[in-house]
Amino acid sequence: MSDTAPLIDPFARAITYLRVSVTDRCDLRCVYCMSEDMSFLPKAEILSLEELDRLASAFVRLGVRKLRLTGGEPLLRKNVERLIAMLAELRTPDGAPLDLTLTTNGSLLLRKAQALKDAGLQRVTVSLDALDDGIFRRMNDVDFPVAEVLDGIAQAQRVGLGPIKVNMVVKRGTNDHEIVPMARFFRENFGGGIVLRFIEYMDVGATNGWRMDEVLPSAQVVERISAEFPLEPLEAQLPGETAQRWRYRDGGGEVGVISSVTQAFCHDCNRARLSTEGKLFLCLFAHQGHDLRALLRGDFDDAQISAAIGEIWTGRDDRYSELRSALQADTGSGQRRVEMHYIGG
Ligand code: SAM
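Described below are features of the structure shown in this document.

## Some details on the overall build of the protein
Phase 1: When you go through the protein residue by residue, the secondary structure sums to 11 helices and 12 strands.
Phase 2: On C-alpha atoms alone, the protein measures out to a radius of gyration of 19 Å, which is about the 20 Å that the 2.2 N^0.38 rule sets for 345 residues.
Phase 3: Here the protein holds 345 residues, and the buried ones make up 54% of them.
Phase 4: Across the protein, every contact between residues at least 6 apart in sequence was considered, and the portion connecting residues at least 24 apart equals 72%.
Phase 5: Here the protein has roughly 14800 Å² of accessible surface; of this, 51% comes from carbon and sulfur atoms.
Phase 6: Positive and negative charge centroids in the protein, built from 42 and 49 side chains respectively, lie 1 Å apart.

## Side note on the environment of Phe285
Phase 1: Its location among the elements puts Phe285 in the loop between β11 (279-281) and β12 (290-291).
Phase 2: When its relative accessible area of 6% is taken as the criterion, Phe285 is described as buried.
Phase 3: Separated by 223 residues in sequence, Phe285 and Leu62 have C-alpha atoms that sit 23 Å apart.

## Here's the deal with the packing of aromatic side chains
Phase 1: For the structure on display, the rule yields 5 aromatic pairs.
Phase 2: Ring geometry for Phe229 against Tyr248: centres 6.1 Å apart, planes inclined by 85°, an arrangement best described as edge-to-face. Taken together, the positions of Phe229 in the loop between α7 (218-228) and β7 (231-233) and Tyr248 in strand β8 (residues 244-248) put the pair 19 residues apart, joining distant regions of the chain.
Phase 3: The exposure class of Phe229 is buried, given its relative accessible area of 12%.
Phase 4: An aromatic cluster is defined as three or more aromatic residues linked by ring pairs; in this entry it consists of Phe185, Phe186 and Phe190.
Phase 5: When the ring centre of Tyr248 is taken as origin, the NZ or CZ atom of Arg187, which lies over that ring, is 4.5 Å away.
Phase 6: Stacked on the ring of Trp313, the Lys or Arg Arg316 has its end atom at 4.5 Å from the ring centre.

## Considerations on the site of the ligand
Phase 1: Taken together, the neighbourhood of the ligand is formed by 19 residues, with Tyr32, Gly72, Thr103, Ser127 and Met202 sitting nearest.
Phase 2: Between the ligand and the protein, one listed contact pairs a nitrogen atom with a backbone N or O atom of Gly72 at 2.9 Å.
Phase 3: With respect to the ligand, the side chain of Glu73 contributes an N or O atom lying 3.0 Å from a nitrogen atom.
Phase 4: With the chains in place, 95% of the 550 Å² that the ligand exposes on its own is no longer accessible.

## A few points about helix α9 (residues 302-314)
Phase 1: The first and last C-alpha atoms of α9 sit 18 Å apart over 13 residues, in line with the 18 Å expected at 1.5 Å per residue.
Phase 2: Taken together, the buried positions of α9 are occupied by Ile305, Ser306, Ile309, Gly310, Ile312 and Trp313. Viewed end-on, α9 has its buried residues packed into an arc of 165°, placing them on one side of the element.
Phase 3: Among the structural elements, α1 (49-61), β10 (271-274), β11, β12 and α8 (293-297) are those in contact with the buried residues of α9.
Phase 4: Of the residues flanking the start of α9, the one acting as N-cap is Asp301, its side-chain oxygen 3.2 Å from the backbone nitrogen of Ala303.

## With respect to the sheet that holds β11
Phase 1: Across the sheet, which stays open at both edges, the 12 strands sit in the order β7-β8-β9-β6-β5-β4-β3-β2-β1-β10-β11-β12 with mixed pairing between neighbours. Edge positions in the sheet fall to β7 and β12, since each has one partner strand and no second.
Phase 2: Sheet topology places strand β5 (residues 164-170) next to strand β6 (residues 194-200); 7 bridges connect them, and they run parallel. If you follow Val166 over to β6, its bridge partner there is Leu196.

## A closer look at the packing of helix α3 (residues 109-119) against helix α5 (residues 146-159)
Phase 1: At a minimum axis separation of 8 Å, α3 and α5 run at an interaxial angle of 20°. For the element pair α3 / α5, the angle class is roughly parallel. Between α3 and α5 lies a crossing whose hand is right-handed. Contact residues: α3 offers Leu109, Leu110, Ala113, Gln114 and Lys117, while α5 offers Asp151, Gly152, Ile153, Gln155, Ala156 and Val159.
Phase 2: Of the residues belonging to the contact of α3 with α5, the class tally is 6 nonpolar, 3 polar and 2 charged.

Procedures and definitions
Residues numbered from 1 in each chain as written. Predicted model: local features only at pLDDT ≥ 70, side-chain atom pairs only at ≥ 80, totals over all residues. Heavy atoms only, no water. Helix = DSSP H or I, 4+ residues; strand = E, 2+ residues; numbered from the N terminus. Rg over C-alpha atoms; globule rule 2.2 N^0.38 Å. Buried < 20%, exposed > 50% of the residue type's maximum accessible area, 1.4 Å probe, protein only. Contact = heavy atoms within 4.5 Å. Areas by Shrake-Rupley, 256 points an atom, 1.4 Å probe, with all protein chains shown as cover. Lys, Arg positive; Asp, Glu negative; His and termini not counted. Charge placed at Lys NZ, Arg CZ, Asp CG, Glu CD. Phe/Tyr/Trp six-rings, centres within 6.5 Å; stacked < 30°, edge-to-face > 60°. Lys NZ or Arg CZ within 6 Å of the ring centre and 35° of its normal. Near = heavy atom within 4 Å. Polar contact = N/O pair within 3.5 Å; in protein donor to acceptor, adjacent residues only side chain to side chain. Expected span 1.5 Å × (residues − 1). Arc of directions from axis to C-beta. Pairing = 2+ DSSP bridges. Axes fitted to C-alpha atoms, helices over the stretch in contact; angles between N-to-C directions. Parallel < 35°, antiparallel > 145°, perpendicular 65-115°, else oblique. Left-handed = near helix turned anticlockwise from the far one by under 90°. Nonpolar A, V, L, I, M, F, W, Y, C, P; charged D, E, K, R; others polar.

Structure follows, in C-alpha cells:
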C-alpha cells in the first residue's frame, strides 16, 4: 500500500482524526468516568514521547489532519510540553501543519497554559460539568473547586489557546439543572468566544453504572436553553463533526450538542484512538485494541508500521452506537469494554 493513499474503510470512512491518550492517570474521579478503585499501567508499558511522535507521524502520512491529546488527564503527563513541541513540527503530505489540540479537566491549566502555547499547542477543550461549586466538587469526587477550572479557562484565553471549547457531560438528576446557568455564564463572560457543548452521558466502560434514564437527550438540552435564549441550527462545518451546532438568535455566540446516545454518528466516523500503551482502538466502545507498541518495539520500519495501520483501518466494520440496543443484549460474552479514562473519550 502507498504510504500516502487516503485510507477508506468498507463504509467509505476516511481517517482524518487521531486522539492520543498520553496517560491513564487522572487527578479527578468524575463519577461518570472513573471509579475509586483504579489500577494504572506501569511506566515500562507506556509509550515514550518518541514512540508517540513516531506513531503520530505514521498516522499523519495516512491522512490524519487533527491530533488531540487526551487521557486520563494529559497535563499530568511528564514533559507533555516536549511532546507537543515534537507534534507541532509534523506536516501533512502536502506540507500543512496539523490541527493540534488537547482535552483537559483544567485543574493544571492556570499553571501550564503559557508553556503549552509556547510549545505549539493551538487550542484546548476544557471539561466542566457545573458552575455550582458543590455540584462540581461532588461530580469530580475529589472535592476540586470550580473556581480553579474557571481561572484555568481564563488563562487559556489570555494566552491565545483558542477557540476554546467547554464540554459538559449532562447526567439527568445530577447536573441537568446546571444547563441554563452554564449557557448564561459562557454567553455573558469571555466575550462569546467560548463554545459550550453538552455531551450525552454515554455507556462507556463497565464501572460507571450507566443507566438510560440518566441520559438527558440533546433535544431536551436545546429546548431548555432555547426557552431562555432562543437558538437556531447552524450547518456543520466539517464532515465527521460530532457536535450539532446551534446559534443564539440574538448573536450571543453558539453552543453544540453531542448526541452520542440518541443520534449515533458512526456513519461518518473519521477518528482513531491510541491508548496510553499503544493500542489502536477504532471505536470508543470496542472490546479490544490493536497492539502497535509491539511493532514499534519490534523490528518494524516506518513503512511497515504505516502499512499495518492501513490494513487495520481498511478492515474496520464497527458501528457500535448505531447497533447499540442489539449489542447491549450481548453483555454475556465476557468481554469488557475499555474505560474512558484509559482511552480518553
Ligand atoms: N481528563 C481530560 C478531561 O477531563 O477532559 C481528558 C480525558 S476525559 C476521559 C475526556 C472527556 O470524556 C471529558 O470531557 C469527559 O467529561 C468525557 N467523558 C468521560 N466519561 C464520559 C461518559 N460516560 N459519557 C460522556 N462523556 C464522558
